[in-house]
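# Tertiary structure, described
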Amino acid sequence: MRVLQDYCSAELEIKKSRFLAEAFVIENQPQARQLLKEQKQKYADATHVVHAFICGLNAEILGCSDDGEPSGTAGRPVLEVLKGRDCTNIMVTVTRWFGGTLLGTGGLVKAYGDSAKEVLALCNFEEYVAKTTFSLVVPYNFYDQIKILLAKFGCENISEDFSENIKIAGVIKESLRDDLAKTVFEMTAGKISLQQ
């Protein structure tokens, strides 16, 4: 299973209709709904904002919408392209500005499917690795050692809150969490332990 690395977009023009396909990283269905709402506001001048998404550890949560196009001619073709890419935690929107020429149902299926293929061809994917969050409270005298250790374990999205002690939170690969917890505990002689 693969996940999208970052936002990507591609544009096609078919019989004077403009199709803007955009791929976004998402974590869950509510995030997909919120993103769709933002896209519809952003492109209020567009005729349709079609979408499809896949999320979940096993790509078990799927959704799509034709947004006013004839049933099955827009969202479903985009979703089928996504399903064929062995990916998860991704949403693709295809925004259409009508150009005056009707494409017919077959033409719409091809246009939306081709738009999705076009944007996915430009996307960077990586193998999905389960990650988890952690936090710990660090006395100032251990701060430098802990920072080096977190870098060594490839921790990401680190946030620090400096007060009486330093509260550090971040994300780590699930497979490394127990090793990090053990190393922190041993290095500080039990003074610091990892929290969820």
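Refer to the structure printed above.
Read on for an overview of the structure. (Residues numbered from 1 in each chain as written. Predicted model: local features only at pLDDT ≥ 70, side-chain atom pairs only at ≥ 80, totals over all residues. Heavy atoms only, no water.)

Moving on: the packing of helix 2 (residues 75-83) against helix 3 (residues 104-122). Taken N-terminus to C-terminus, the directions of helix 2 and helix 3 make an angle of 35°; their axes are 8 Å apart at the nearest point. For the crossing formed where helix 2 meets helix 3, the hand is right-handed. Across from Pro77, Val78, Val81 and Leu82 in helix 2, the residues of helix 3 making contact are Val109, Tyr112, Gly113, Ala116, Lys117 and Leu120. Tallied by class, residues from the contact of helix 2 with helix 3 come to eight nonpolar, one polar and one charged. (Axes fitted to C-alpha atoms, helices over the stretch in contact; angles between N-to-C directions. Helix = DSSP H or I, 4+ residues; strand = E, 2+ residues; numbered from the N terminus. Left-handed = near helix turned anticlockwise from the far one by under 90°. Contact = heavy atoms within 4.5 Å. Nonpolar A, V, L, I, M, F, W, Y, C, P; charged D, E, K, R; others polar.)

Glancing now at the sheet that holds strand 7 (residues 90-97). Spatially, five strands are ordered 2-3-7-4-5 in an open sheet, and the strand pairing comes out antiparallel. Only two strands of the sheet have a single neighbouring strand rather than two, namely strand 2 (8-14) and strand 5 (61-65). Averaged over neighbouring strand pairs, the angle between their axes works out to 15° when direction is ignored. Bridging between strand 2 and strand 3 (residues 17-25) involves seven bridges; their strand directions are antiparallel. By the bridge assignment for strand 3, Ala10 is matched with Ala21. Here helix 2 sits on the sheet in contact with strand 4 (48-55), strand 5 and strand 7, set at roughly 30° to strand 4. (Pairing = 2+ DSSP bridges.)

This part is about the nonpolar core. Ranked by internal contacts, the top residues of the largest apolar core, which has 29 residues, are Ile90, Val92 and Leu120. For this core, the secondary-structure elements that each account for two or more residues are strand 2, strand 3, strand 4, helix 2, strand 7 and helix 3. At six residues, the largest contribution of residues to this core is made by helix 3. In contact with Ile90, other than residues within four places in its own chain, are Leu4, Ala23, Phe24, Ile26, Ala52, Phe53, Ile54, Leu82, Leu120 and Phe125. Core analysis: the next-biggest nonpolar cluster, separate from the first, contains 17 residues, Phe134, Cys155, Ile168 and Val184 among them. (Core = buried A, V, L, I, M, F, W, Y, C linked by side-chain atoms within 4.5 Å. Buried < 20%, exposed > 50% of the residue type's maximum accessible area, 1.4 Å probe, protein only.)

All right, on to the pairing of strand 7 then. Counting buried positions along strand 7 yields eight of eight residues, so the element is predominantly enclosed. Burial along strand 7 is two-sided: the face carrying Ile90, Val92, Val94 and Arg96 and the face carrying Met91, Thr93, Thr95 and Trp97 are both buried. Pairing of strand 3 with strand 7, which is carried by eight bridges, proceeds in the antiparallel orientation. Looking across to strand 7, one finds that Arg18 is bridged to Trp97. Strand direction decides the pairing type here: strand 4 and strand 7, joined by seven bridges, are antiparallel. Across the sheet, residue His51 finds its bridge partner in strand 7, namely Thr93.

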